[in-house]
Amino acid sequence: MTIVLEARNLSKTYGDVQAVNTVSLSVEEGALFGLLGPNGSGKTTMIRMLTGQTRPTGGTATVLGVDVTKDPVGVRSRVGIIPEQETPPSFLTAMEYLRFVAAVRKIPDIETKADWWFDFLDFADKKNVLCKDLSRGTRQKLMFTQAFIHEPALALIDEPLINFDPIMQDLVKEYLAGYVKKGKTIFISTHILEVAEEICSGFAILHKGTLLHTGPVADLTGRGEHLPAFFLSLVRKDHHA
Amino acid sequence: MLELFHAMMKEEWRIHSTMFGSLSFALFPVMIFGIAFMGAFLVPLMQTTLPAGNLTLILHASYLMLGIMVGGFGLLGNEVMNRRFGQASLLAYSARSLPLKESFIFSNFVVKDTVYYFFLWVLPFGLGYIIASPFIGVSLASALLLLLTLTLAFLFGLCAVFFLSTVYARSRPALWLILLAVVAGGAGLAVVTGTNPALFFPPLLLNHAFTWTNLIGSCAILAILFGVAIALFNPESVGSEKNYRNAFSPLMARLSFLPNPPLAAKDAIDLYRSGSLIGQTLFSFILPLAVIWFFLSLLGPYFPPHGLLFIFAITTGVIASTMYTWVTMFDNFGPYACLPVAVSTLIAGKLTTFTILQLLPAIFIAVVAILSGEIAFLVPAVVLGLAVSFYAVAVMAWLCGLSPNVLVYDVKVLALYLILVGIVIVLFTAAAFANPYFALASLILAVPAWWFVQKAKVRWDAVDPAGF
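Residues numbered from 1 in each chain as written. Chains lettered and ligands numbered in written order. Predicted model: local features only at pLDDT ≥ 70, side-chain atom pairs only at ≥ 80, totals over all residues.

## Regarding the overall build of chain A
Under the convention used in this document: In this text, helices come from DSSP runs of H or I with a minimum length of four residues, and strands from runs of E with a minimum of two, each type numbered from the N-terminal end. As a reference, a globule follows 2.2 Å times the number of residues to the power 0.38, and the radius of gyration itself is taken over C-alpha atoms. The burial label depends on the number of other C-beta atoms within 10 Å of a residue's C-beta. Counts of 20 or more mean buried, 12 or fewer mean exposed, and intermediate counts mean partly exposed, with C-beta atoms placed from the backbone. Here the contact rule is simple: place C-beta atoms from the backbone, and any two residues whose C-beta atoms are within 7 Å are in contact.
For chain A, the count of helices and strands is 9 helices and 10 strands. Here the C-alpha radius of gyration of chain A, 18 Å, is about what a compact globule of 241 residues would show, namely 18 Å. When the backbone C-alpha atoms are referred to their principal axes, chain A occupies close to 55 × 40 × 35 Å. Across the 241 residues that make up chain A, the buried fraction comes to 50%. Partitioning the contacts of chain A with sequence separation of at least 6, the portion at a separation of at least 24 is 68%.

Now the structure itself:
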């Protein structure tokens with residue numbers, strides 16, 4: 001199997017705070033990989049480093065063969081990204097934003113592709129509304145669309161189901177599962193462990209910026225263990241250590 | 001009232017201090033104090049060429065403009081209103097989670113801005129002058145009076161903008177009517193009295209001859225403007241779902257000759273739909289420049305021949321450079337973080353939009369040159385104004401990247417900006433005073449401007465994009 005994402009001793013320090021501490025992990029092509037951890041564990045910083053939004057203070061990482069430090073724009077041109085906080089530009093309409101994304105990413109036939117997504121995520125009635133006037137859920141749908149509309153080989157998503165109602169969550173989980181079946185890779189960060197257990201093939205647990213564990217979900221379930229219980233025992237042990 | 005006011009003050013302080021550290025931000029008023037203190041020692045020298053009355057005129061005009069700019073900064077443009085009262089996680093947003101009326105929050109916000117910027121800008125400057133007054137032969141009483149009247153001038157600028165912006169939010173024709181009435185009133189006063197109406201500016205009258213009646217009159221005008229602004233305040237309804245036709249694609253096609261058509265089209269839409277193109281042009285460009293022209297015109301006899309036009313061209317250039325803040329105010333790097341766009345590309349895009357906006361100062365300087373009968377020097381004046389503007393914006397881009405609105409309060413950044421731009425202003429003012437055509441030499445500023453832009457791209461690509 002091809003490795004599409006690899007981090008070696010990746011670290012990030014903000015002043016005196018060690019947000020991520022020498023994390024090494026790799027993700028294979030076709031995986032739906034979950035980066036798990038409590039709030040403030042460094043998940044978002046990891047995603048920001050892996051997508052070239054933040055420079056690591058130590059270590060290296062390659063995404064689809066591109067060094068994230070040397071060519072951050074190159075990384076972002078190859079992947080799809082949904083940041084933690086949805087931020088479509090205030091004064092473009094949803095459709096105009098997708099046209100903007102298409103112009104920047106040079107995506108052909110944007111009208112047809114966008115219409116498919118508007119129908120699929122059920123927000124066609126909002127396509128000509130300014131982004132600032134959209135609800136959080138609709139903005140999340142829009143951000144989801146911009147991340148997948150060019151069908152990237154790898155998508156990195158920070159909290160994929162946040163702001164979605166249960167029906168939309170189900171639809172999105174189904175979409176993600178189907179996406180990796182096509183040979184594409186998805187890297188998500190979440191603290192919703194039940195979702196991770198349900199959809200992820202591999203996972204890593206991060207706590208206080210340190211990697212506690214990484215491996216396939218099947219190894220756990222094969223032993224009759226559940227991800228939430230495993231996660232809690234590991235994090236609590238580390239917390240008391 | 002007090003709790004909310006206190007919390008808003010703390011919030012404003014923390015917004016600034018967390019960005020560049022409490023000490024660095026706390027030094028900002030100290031620097032203003034230092035500038036005023038040292039500048040005061042130049043007063044005796046200036047008085048040899050400028051009568052004292054005209055010096056106070058310049059000071060009052062500057063404070064009026066400061067008030068206009070502080071007031072305009074937070075309140076102009078629909079989206080800025082919206083951001084401050086709708087989506088931002090500030091106390092001003094608390095009407096939705098606390099049992100408080102929006103007009104009550106707005107009045108607290110206005111008072112907070114007044115007090116906060118008084119301590120940040122007005123008081124340090126006044127104190128600098130007061131403490132220097134014994135050394136320059138100025139009595140303490142007149143120094144204190146100056147502090148009072150400068151404060152009033154600042155408040156006139158601030159509350160005039162609050163008033164006009166709330167009128168603007170309610171009815172644009174009403175705004176134009178009011179402005180027309182003010183201009184007509186000023187012209188009428190000039191005709192009837194045969195005096196420049198600027199001399200009837202209440203704080204200036206008060207400074208020339210203190211009377212309690214004048215003081216109460218000034219305060220009453222301020223109270224009326226504040227009161228009407230608060231009464232007229234009408235927060236926008238957030239979440240209205242108006243449909244818009246596609247403006248992006250045709251605009252991008254029209255701007256395809258530019259280096260980054262999608263970025264330029266987005267900026268143009270931001271400026272248009274936010275209402276800030278008209279609002280900023282009016283309140284952050286034309287109004288301050290009209291005020292400056294109004295007051296500067298009184299000083300014509302004390303400048304060398306044609307000097308007034310070139311002083312005005314340089315001032316226009318400096319103010320025009322702040323148009324960079326118009327195109328960066330709605331954007332941080334956030335919306336681009338998920339796209340293959342580098343910070344340097346974004347800076348280049350913003351500078352492209354800035355370049356298009358420079359049509360405004362060019363026209364403005366040309367109109368002033370024509371109206372003042374200096375058409376022969378129209379070209380050197382326009383060249384000088386634009387050269388200063390492009391140079392100043394290049395310095396700003398190098399120092400602040402995409403966050404000029406925020407980093408201006410970093411004392412190191414502001415000091416460096418003032419030095420780098422100040423040197424150029426002094427050099428080219430002297431050149432233009434020596435011979436108006438020497439102003440054409442300002443074209444040479446294209447070289448350092450280009451250098452600063454290249455440096456800005458490298459510098460801001462190398463640091464983590466700021467989230468403000």
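## Remarks on the overall build of chain B
Counting its regular elements, chain B contains 21 helices and 0 strands. Going through the 468 residues of chain B one by one, you find that 42% of them count as buried. A fraction of 79% describes how many contacts in chain B between residues 6 or more apart in sequence connect residues 24 or more apart.

## Concerning the interface of chain B and chain A
Heads up, the condition is: Throughout, the ten residues Ala, Val, Leu, Ile, Met, Phe, Trp, Tyr, Cys and Pro are labelled nonpolar, Asp, Glu, Lys and Arg are labelled charged, and all others, Gly among them, are labelled polar.
Listed per partner, the contact involves 28 residues of chain B and 31 residues of chain A. Listed by contribution, the elements that provide at least two residues to the side of chain B that touches chain A are α5 (78–87), α11 (248–254) and α12 (261–273) of chain B. Looking at the side of chain B that touches chain A element by element, the count peaks at 5 residues for α12 of chain B. Of the residues in the side of chain B that touches chain A, the class split is 14 nonpolar, 8 polar and 6 charged.

## What about the sheet that holds strand β7 (residues 154–158) of chain A?
Residue and element names in this part refer to chain A. Applied cut-off: The pairing criterion for strands is at least two bridges between them, as found by DSSP. Note on definitions: angles span 0 to 180 degrees between N-to-C directions of axes, and those axes are lines fitted to C-alpha atoms, for helices only across the stretch in contact.
Pairing is mixed across the open sheet formed by 6 strands, whose spatial order is β6-β7-β8-β3-β9-β10. Whereas interior strands pair on both sides, the edge strands pair on one side only; in this sheet they are β6 (79–82) and β10 (210–216). This sheet shows a mean twist of 15° between the axes of neighbouring strands, independent of strand direction. Relative to β6, helix α5 (residues 136–148) is tilted by about 170°, and along the sheet it contacts β6 and β7. Against the sheet, helix α6 (residues 166–181) touches β3 (32–36) and β8 (185–190), its axis set at about 145° to β8.

## With respect to the environment of Phe438 of chain B
All names here are of chain B. Within the element layout of this structure, Phe438 appears in the loop between α20 (411–434) and α21 (446–461). Measuring from C-alpha to C-alpha, the distance between Phe438 and Pro380 comes to 7.9 Å, with 58 residues separating the pair along the chain. Not counting the four nearest positions on each side in its chain, Phe438 is found in contact with Ala431 and Ala432.

## Observations regarding the pairing of strand β2 (residues 17–28) of chain A
Residues and elements named next belong to chain A. Sheet topology places strand β1 (residues 3–14) next to β2; 8 bridges connect them, and they run antiparallel. In the sheet register, Tyr14 faces β2, and the bridge partner there is Val17. Where β1 folds back onto β2 in an antiparallel hairpin, the turn is made up of 2 residues, including Gly15, whose phi is positive at roughly 60°.

## As for the packing of helix α7 (residues 140–170) of chain B against helix α8 (residues 172–193) of chain B
All names here are of chain B. Definition in use: Put simply, angles under 35 degrees are roughly parallel, angles over 145 are roughly antiparallel, angles from 65 to 115 are roughly perpendicular, and the rest are oblique.
At a closest axis distance of 6 Å, the pairing of α7 and α8 adopts a crossing angle of 140°. One way to sum up the angle between α7 and α8 is to call them oblique. Here α7 contributes Leu164, Val167, Tyr168 and Arg170 to the contact with α8, which in turn contributes Arg172, Ala174, Leu175 and Ile178.

## Some details on the packing of α12 of chain B against helix α16 (residues 343–357) of chain B
Residue and element names in this part refer to chain B. Spelled out, the test is: Two helices that cross are described as forming a left-handed crossing if the nearer one is turned anticlockwise from the farther one by less than a right angle, and a right-handed crossing if clockwise.
Two elements in contact, α12 and α16, have axes separated by 9 Å at closest approach and are oriented at 55°. Judged on the interaxial angle alone, α16 and α12 are oblique. Viewed along their axes, α12 and α16 form a crossing whose handedness is right-handed. Seen from α12, the contacting residues are Leu263, Ala264, Asp267 and Ala268; seen from α16, they are Leu346, Gly349, Lys350, Thr352 and Thr353. Along the lines of polarity and charge, the residues of the contact of α12 with α16 split into 4 nonpolar, 3 polar and 2 charged.

## Quick notes on the nonpolar core
For clarity, the cut-off: To form a nonpolar core, buried Ala, Val, Leu, Ile, Met, Phe, Trp, Tyr and Cys residues must be joined through C-beta atoms within 7 Å. Reported domain spans reflect what an automatic or database domain assignment gives.
In this structure, Leu50 of chain A together with Cys159, Leu384, Tyr391 and Ala397 of chain B are the most contacted members of the largest nonpolar core, which totals 200 residues. When residues of this core are assigned to domains, at least three map to each of domain 1 (1–236) and domain 2 (257–463) of chain B. Each residue touching Tyr391 of chain B, except ones within four places of it in the same chain, is listed here: Val424, Leu445, Pro448 and Ala449 of chain B.

## Focus: the sheet that holds β1 of chain A
With respect to topology, 4 strands assemble into an open sheet ordered β2-β1-β4-β5 (chain A), the strand pairing being antiparallel. If you trace the sheet from one side to the other, it starts and ends with β2 and β5 (66–67) of chain A, each paired once.

## Section: the environment of Leu64 of chain B
All names here are of chain B. Within the element layout of this structure, Leu64 appears in helix α4 (residues 52–75). On the neighbour-count criterion, Leu64 (28 C-beta atoms within 10 Å) is buried. Expressed as a C-alpha distance, the spacing of Leu64 and Leu155, which sit 91 residues apart in the sequence, is 7.4 Å.

## Section: the pairing of β1 of chain A
With 5 bridges connecting them, β1 of chain A and strand β4 (residues 58–63) of chain A associate as antiparallel partners. Paired with Leu5 of chain A across the two strands is Val63 of chain A, which belongs to β4 of chain A.

## Considering helix α3 (residues 94–105) of chain A
Where we set the bar: Here, expected helix span is obtained from the residue count minus one, scaled by 1.5 Å.
Relative to the 16 Å expected for 12 residues at 1.5 Å per residue, α3 of chain A spans 16 Å between its end C-alpha atoms, a close match to the ideal helical length. Tucked inside the fold, the buried residues of α3 of chain A contact α4 (110–120) and α5 of chain A together with α11 and α12 of chain B. Trailing α3 of chain A by a residue or two, Lys106 of chain A shows a phi angle of about 60°, which is positive.

## Notes on the confidence of the model for chain B
Residue and element names in this part refer to chain B. The line we're drawing: The quantity called pLDDT is the predictor's confidence in a given residue, expressed from 0 to 100.
Here chain B averages 81 in pLDDT, while 84% of its residues score no lower than 70. Here α5 is the element of chain B with the lowest mean pLDDT, 42, and helix α18 (residues 378–400) is the one with the highest, 96. pLDDT under 50 marks residues 76–89. Its contacts with residues more than four places away, or in other chains, come to 39 contacts. Both confidence scores are given for the complex: pTM 0.75, ipTM 0.87.

## What about unusual backbone geometry?
Residues and elements named next belong to chain A. Despite not being glycine, Leu64 has its phi angle at roughly 50°, a positive value. Mapped onto the secondary structure, Leu64 falls in the loop between β4 and β5. Residue classification places Leu64 among the partly exposed residues on the basis of 18 C-beta atoms within 10 Å. Backbone geometry at Glu159 places phi at a positive 50°, although glycine is not the residue there. Topologically, Glu159 is positioned in the loop between β7 and α6. Given 20 C-beta atoms within 10 Å, Glu159 falls into the buried group.

## A look at α16 of chain B
Residue and element names in this part refer to chain B. With 15 residues, α16 ought to run about 21 Å at 1.5 Å a step, and its terminal C-alpha atoms sit 21 Å apart, in line with that. Here α16 has its buried residues at Val343, Leu346, Ile347, Gly349, Lys350, Leu351, Thr353, Phe354 and Leu357. Packed against the buried residues of α16 are α12, α15 (323–328), α17 (359–371), α18 and α21.

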